[in-house]
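# Structural overview
One-letter residues, chain by chain:
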Amino acid sequence: MKKIRLSVVSLLVMGSLVSMGGVLAGKNPEVRTVKVVKSERKKFRLYIPSTLPLGGSQVQVALIDMDGTVLHQGTAIDRYQQGISYDLNSLPDGKYFLTVTNDAWWSSQPFEIEGNTLSVDEKRVTQLIRPTVSSYAKNKIQLTVQSTNLPEMTMALYDKNNEIVFMESVSGIVNRYNLSGLPAGNYTMTVGSPAKKFSEQITIAH
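One structure accompanies this document, and this report is about it. (Residues numbered from 1 in each chain as written. Predicted model: local features only at pLDDT ≥ 70, side-chain atom pairs only at ≥ 80, totals over all residues. Heavy atoms only, no water.)

With respect to the secondary-structure elements, Lys-43 resides in strand β4 (residues 43-47). In sequence terms Lys-43 and Ser-85 are 42 residues apart; their C-alpha atoms lie 7.0 Å from each other. Discounting residues that sit within four places of it in the chain, Lys-43 has contacts with Lys-38, Tyr-86, Asp-87, Asn-89 and Leu-118. (Helix = DSSP H or I, 4+ residues; strand = E, 2+ residues; numbered from the N terminus. Contact = heavy atoms within 4.5 Å.)

Next up, the structure:
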């Protein structure tokens, strides 16, 4: 995990952490990671663009049923950019999810088998790009989040003892936080939804 080092002067702003969440709120741009395409009656192909950051065509894949049971888990590599075929003929009718992730992003595609036939609705895919954290002024950080179909996301800040310091909903693409009131030390910031969270290490030095 990368570390963001902030030079904090405590005399500038006294008090607790101040949030300026959603200062550039708006609709997230469309996030493109992987694509799931039905190929036969109970088969689909997973397409992984070679331009994906951090890991390129290699990703972690999990097939999960509606009860949360992991039916398949492993590494997928699309070396020739022709898509990876998955055969679901052994699965009964029901609803399922295919999650695909690496260190830079996470994606979950729901699909359904009904009447022994697979259907995939690309409009229901849920995606999250790893949020970026940067220092935009002395003792202040900027959190940038890009997602698709993730209306409920939270940012939480934990101290070195894993005690929660601050938590709030992430309401926009760019969110800003003033950390002046926090003691010097190491903190962990988590961002995401109950299904997936990314974390960053932050060091505050007075």
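For the rest of this paragraph, the subject is the sheet that holds strand β3 (residues 35-40). With antiparallel pairing, three strands are arranged side by side in an open sheet as β3-β4-β7. For this open sheet the edge positions go to β3 and β7 (84-87), each flanked by a neighbour on one side alone. Strand-to-strand twist in this sheet, taken as the mean axis angle between neighbours without regard to direction, amounts to 30°. Alignment of β4 against β7, held across four bridges, turns out to be antiparallel. (Pairing = 2+ DSSP bridges. Axes fitted to C-alpha atoms, helices over the stretch in contact; angles between N-to-C directions.)

Moving on, we come to the packing of aromatic side chains. Counted according to the given criterion, the structure contains four aromatic pairs. Arranged with centres 5.1 Å apart and planes meeting at 15°, the rings of Phe-44 and Tyr-86 form a pair that is stacked. Placement of Phe-44 in strand β4 and of Tyr-86 in strand β7 is noted, with a sequence separation of 42 residues between them. The pair Phe-44 / Tyr-86 is uniform in exposure class, with both members buried. When the centroid spacing of 5.7 Å and the interplanar angle of 20° are considered together, the rings of Tyr-96 and Phe-111 count as stacked. Here Tyr-96 is found in strand β8 (residues 94-101), whereas its partner Phe-111 is found in strand β9 (residues 105-114), with 15 residues between them in sequence. For Phe-111, a relative accessible area of 3% translates into the label buried. Here the aromatic residues Phe-44, Tyr-86, Tyr-96 and Phe-111 are joined through ring pairs into a cluster of three or more. Stacked on the ring of Tyr-136, the Lys or Arg Arg-176 has its end atom at 4.4 Å from the ring centre. Across from the ring centre of Phe-198, 4.9 Å away, lies the NZ or CZ of Lys-196, which sits over that ring. (Phe/Tyr/Trp six-rings, centres within 6.5 Å; stacked < 30°, edge-to-face > 60°. Buried < 20%, exposed > 50% of the residue type's maximum accessible area, 1.4 Å probe, protein only. Lys NZ or Arg CZ within 6 Å of the ring centre and 35° of its normal.)

Applying the stated criterion across every chain yields a total of three salt bridges. Of the charged contacts in the structure, one is a salt bridge between Arg-130 and Glu-200, with a shortest N-O distance of 3.0 Å. Taken as a pair, Arg-130 in the loop between β11 (126-129) and β12 (132-137) and Glu-200 in strand β19 (residues 197-205) lie far apart in primary sequence, 70 residues in all. Residue Arg-130 is classed as partly exposed on the basis of its relative accessible area, which comes to 24%. When salt bridges with common partners are traced through the structure, they connect Glu-40, Lys-43 and Asp-87 into a single cluster. (Salt bridge = Lys/Arg side-chain N within 4 Å of Asp/Glu carboxyl O.)

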